[in-house]
Amino acid sequence: MEFKSITIERVVQEQNTAKMMKSGSLEVLATPQMISWMEEASCLCLEGQMDEGVTSVGTCINVSHDKASAVGSTIHITSEISKIDGRKVCFQVIACEGEEIIGKGYHERFLVNEQKFLEKLK
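Procedures and definitions
Residues numbered from 1 in each chain as written. Predicted model: local features only at pLDDT ≥ 70, side-chain atom pairs only at ≥ 80, totals over all residues. Heavy atoms only, no water. Helix = DSSP H or I, 4+ residues; strand = E, 2+ residues; numbered from the N terminus. Salt bridge = Lys/Arg side-chain N within 4 Å of Asp/Glu carboxyl O. Buried < 20%, exposed > 50% of the residue type's maximum accessible area, 1.4 Å probe, protein only. Polar contact = N/O pair within 3.5 Å; in protein donor to acceptor, adjacent residues only side chain to side chain. Contact = heavy atoms within 4.5 Å. Pairing = 2+ DSSP bridges.

> I would appreciate a short explanation of unusual backbone geometry in the present structure.
Glycine aside, a negative phi is what most residues show, and trans is what most peptide bonds show. The backbone of Lys22 sits at a positive phi, close to 65 degrees, despite the residue not being glycine. You can see Lys22 is positioned in the loop between helix 1 (18-21) and helix 2 (31-46).

> When you look at the pattern of salt bridges in this model, what are you seeing that I'm missing?
Oppositely charged side chains can pair when the atoms bearing their charge come close. Summed over all chains, the structure comprises five salt bridges. Between Lys19 and Glu27 there is a salt bridge, and its shortest N-O distance comes to 3.8 Å. Residue Lys19 is classed as partly exposed on the basis of its relative accessible area of 42%. What makes Glu27 partly exposed here is its relative accessible area of 46%.

> Just checking my understanding: could you explain the side chain of Ser79 for this structure?
In this structure, Ser79 sits in strand 3 (residues 74-85). Side-chain polar atoms of Ser79 contact the side chain of Ser42, separated by 2.8 Å. With sequence-adjacent residues up to four places away left out, Ser79 is seen in contact with Lys4, Ser5, Ile6, Met38, Ala41, Ser42, Cys45, Phe91, Gln92 and Val93.

> I tried to follow the pairing of strand 4 (residues 88-97) on my own but got confused; where do I start?
The side chains of a regular strand alternate, residue by residue, between the two faces of the sheet. Relative to strand 4, strand 3 runs antiparallel, the two sharing nine bridges. The residue of strand 4 that forms the bridge with Ile84 is Val89. Hairpin connection from strand 3 to strand 4: two residues lie between these consecutive antiparallel strands, with Gly86 at a positive phi of about 65 degrees. Sheet topology places strand 4 next to strand 5 (residues 100-113); ten bridges connect them, and they run antiparallel. Note that in strand 5 the partner of Lys88 across the bridge is Phe110. Two successive antiparallel strands, strand 4 and strand 5, enclose a turn made up of two residues, where Gly98 displays a positive phi of approximately 65 degrees.

> Sorry if this is basic, but what is going on with the environment of Gly53 here?
As for its placement among the helices and strands, Gly53 is situated in the loop between helix 2 and strand 2 (54-65). For the pair formed by Gly53 and Asn113, sequence separation is 60 residues and the distance between their alpha carbons is 5.8 Å. Residues within four places of Gly53 in sequence aside, it is in contact with Val112, Asn113 and Glu114.

Here it is in structure tokens:
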């Protein structure tokens, strides 16, 4: 597996706000939305690197949300694979508005066989 880095761009829309996501009362980027974008970027780092029938599941995330972002703000989210330990893949994640960091942290994903994973739920 290759140590990749991916950056995605997202624009904060009304449905991405704390008020709409019920994680607060303000019309600013919701922390759960920022985290979701960090996970999305991390998944993209793994695209094309897993065997057929293998996917990844998020197992740990530890991030800070350091600055509010208004509706209409453009956010760049970068995820970089920092460590691979067997089936555990670790990422450093960062979200920026322009040159300013609005959030950063650590994320782990675990590689699993899709079918076996889903069978455990039955």
